[in-house]
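If you want the building blocks of each chain, they are given just below.
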Amino acid sequence: MKIEHSTPASTPELGSEEKKSLAVRALMMMADGDRSVFGEVLSADAVNREAKSEPPPARVHGPDGFFATALWLREAFADLRFEVRHVVEEDGLVVVDSVMSARHEGPFVTYDEYGRVDQVFAPTGKRFSVRQTHWLRVADGKIVEHWAVRDDLGMAKQAGWVPPNPISLTRNVLAARKLRKQIRAGRS
């Protein structure tokens, strides 16, 4: 299936190598890019299809939402980095085959469809390295859409989240209680 996107005559279209470079830059900025870089790379209405289990600020479109995703990842994972293995582009769709690695140093929090805390994984200090494929649509010289295929089970095993044991379950419950208490205190 081919999805057509129109490009205004006033906007020069990027070549294949430039689109691939932009997509790689979009992935790398998640680890250490400041807010200004997100504005350079992402369109104002860029959509992150992976944000449904992320904090509410990450669910907004555009650079602010993607930057919130980056901050969410950085709060949980120290030494976050992406190793790019392959990059392919066709008709404005760029696929980046990568390995994400990090150390689980802060609580990793997932959210439900209403933006409420769903699960909290207490820090384990363990390193992980997992394969991911990121799909990015480029139009008018910027990223307009992102989705991914990730090895979340591999990450959970390496980070020490599964299989659960009584100690890890207790640590996760306590971390969730602490976070929910902080959220309630912030709303008061």
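Presented here is an overview of the structure given in this document. Predicted model, so just to flag it, every value in this text is computed and none were measured. (Residues numbered from 1 in each chain as written. Predicted model: local features only at pLDDT ≥ 70, side-chain atom pairs only at ≥ 80, totals over all residues. Heavy atoms only, no water.)

1. What to know about the overall build of the protein
In plain terms, the rule: Each helix is a run of H or I in the DSSP string that is no shorter than four residues. Each strand is a run of E no shorter than two, and both are numbered from the N terminus. For the radius of gyration, the atoms used are the C-alpha atoms, and the globule rule reads 2.2 Å times the number of residues raised to 0.38. Only protein chains enter the accessibility calculation, which uses a 1.4 Å probe. A residue is then buried if its area is under 20% of the maximum for its type, exposed if over 50%, and partly exposed in between. Residue contacts follow a heavy-atom distance rule, with two residues in contact if any of their heavy atoms lie within 4.5 Å. For the charge count, each Lys or Arg is scored as positive and each Asp or Glu as negative, with His and the chain ends excluded. Charged groups are reduced to one reference atom each: NZ for lysine, CZ for arginine, CG for aspartic acid, CD for glutamic acid.
Helix and strand content of the protein: five helices and seven strands. Each helix and strand of the protein, placed in order from N terminus to C terminus, yields the pattern α-α-β-α-β-β-β-β-β-β-α-α. Compactness check: the protein gives a C-alpha radius of gyration of 18 Å against a globular reference of 16 Å for 188 residues, within 12% of the reference. Based on the C-alpha atoms only, the size of the protein along its principal axes is roughly 60 × 40 × 30 Å. Every one of the 188 residues in the protein was classed for burial, and the buried ones make up 45%. Once local pairs closer than 6 in sequence are excluded, the contacts in the protein between residues at least 24 apart make up 61%. Side-chain charges of the protein comprise 27 positive and 26 negative groups, with the mean position of each set lying 10 Å from the other.

2. With respect to the nonpolar core
Going by this rule: Side-chain atoms within 4.5 Å are what join buried Ala, Val, Leu, Ile, Met, Phe, Trp, Tyr and Cys residues into a set we call a nonpolar core.
Counting residues in hydrophobic clusters, the biggest one holds 44 residues, and the most contacted among them are Phe-38, Val-41, Leu-42, Phe-77, Phe-128, Ile-143 and Trp-161. Ranked by residues supplied to this core, first place goes to helix H1 (residues 16–32) with seven residues. Excluding residues that lie within four positions of it along the chain, Leu-42 makes contacts with Met-29, Pro-63, Phe-66, Lys-142 and Ile-143.

3. Details of the pairing of strand E2 (residues 77–90)
Under the convention used in this document: Following DSSP output, two strands are said to pair if at least two bridges run between them.
Across eleven bridges, E2 lies against strand E3 (residues 93–104) in antiparallel orientation. Across the sheet, Phe-82 pairs through a bridge with Met-100, a residue of E3. In textbook terms, the turn of a hairpin is the stretch between consecutive antiparallel strands, and for E2 and E3 this stretch comprises two residues, one of which, Asp-91, has a positive phi near 55 degrees.

4. Section: the sheet that holds strand E7 (residues 142–150)
For clarity, the cut-off: Axis lines are fitted to C-alpha atoms, over the contacting stretch for helices. Their N-to-C directions set the angle, which ranges from 0 to 180 degrees.
Strand order in the open sheet formed by five strands is E1-E7-E6-E3-E2, and the pairing between neighbours is mixed. Lying at the two open borders of the sheet, with one neighbouring strand each, are strand E1 (42–48) and E2. Here the average twist between neighbouring strands, direction ignored, is 25 degrees. With three bridges connecting them, E1 and E7 associate as parallel partners. Counterpart to Leu-42 in the pairing with E7 is Ile-143. Sitting on the sheet, H1 is in contact with E1, E2, E3, strand E6 (127–139) and E7, with an inclination near 165 degrees to E2. Each of E1, E2, E3 and E7 touches helix H3 (residues 63–76); the most contacted strand, E1, lies at about 55 degrees to it.

5. Looking at the side chain of Lys-20
Tracing the backbone through its elements, the reader meets Lys-20 in helix H1. Judged by its relative accessible area of 19%, Lys-20 is buried.

6. Description of the packing of aromatic side chains
Short version of the rule: Aromatic rings from Phe, Tyr and Trp, taking only the six-membered ring of Trp, are treated as a pair when their centres fall within 6.5 Å; an angle between ring planes under 30 degrees marks them as stacked, one over 60 as edge-to-face, and anything in between as tilted.
For the coordinates displayed, the defined rule picks out eight aromatic pairs. Relative to Trp-161, the ring of Phe-121 lies with its centre 4.5 Å away and its plane at 15 degrees, an arrangement referred to as stacked. Here the residue Phe-121 occupies a position in strand E5 (residues 117–121), and Trp-161 occupies one in the loop between helix H4 (152–159) and helix H5 (166–187), the gap between them amounting to 40 residues. By the burial criterion, Phe-121 is buried, and Trp-161 matches it. Pairwise contacts between aromatic rings join Trp-72, Phe-77, Phe-108, Phe-121, Phe-128 and Trp-161 into one cluster.

7. Here's the deal with H5
Put simply, the rule reads: Take the number of residues in a helix, subtract one, and multiply by 1.5 Å to get its expected span. Arc definition: it is the arc formed by the directions from the helix axis to the C-beta atoms. Pairs of N or O atoms are called polar contacts if they sit within 3.5 Å, as long as, within protein, a hydrogen donor faces a hydrogen acceptor (for residues adjacent in sequence, only side-chain-to-side-chain pairs).
For H5, with 22 residues, the first-to-last C-alpha span of 32 Å sits near the 32 Å given by 1.5 Å per residue. Those residues of H5 not exposed but buried are Ser-168, Asn-172, Ala-175, Ala-176 and Leu-179. Buried residues in H5, looked at end-on, bunch into an arc of 100 degrees, giving them a common side. Across H5 from its buried face, at more than 90 degrees, point the exposed residues Pro-166, Ile-167, Arg-177, Lys-178, Lys-181, Arg-184 and Ala-185. Elements that come into contact with the buried residues of H5 comprise strand E4 (108–111) and E5. You can read the cap of H5 off the contacts: a side-chain oxygen lies 2.9 Å from the backbone nitrogen of Ile-167, and it is on Asn-165.

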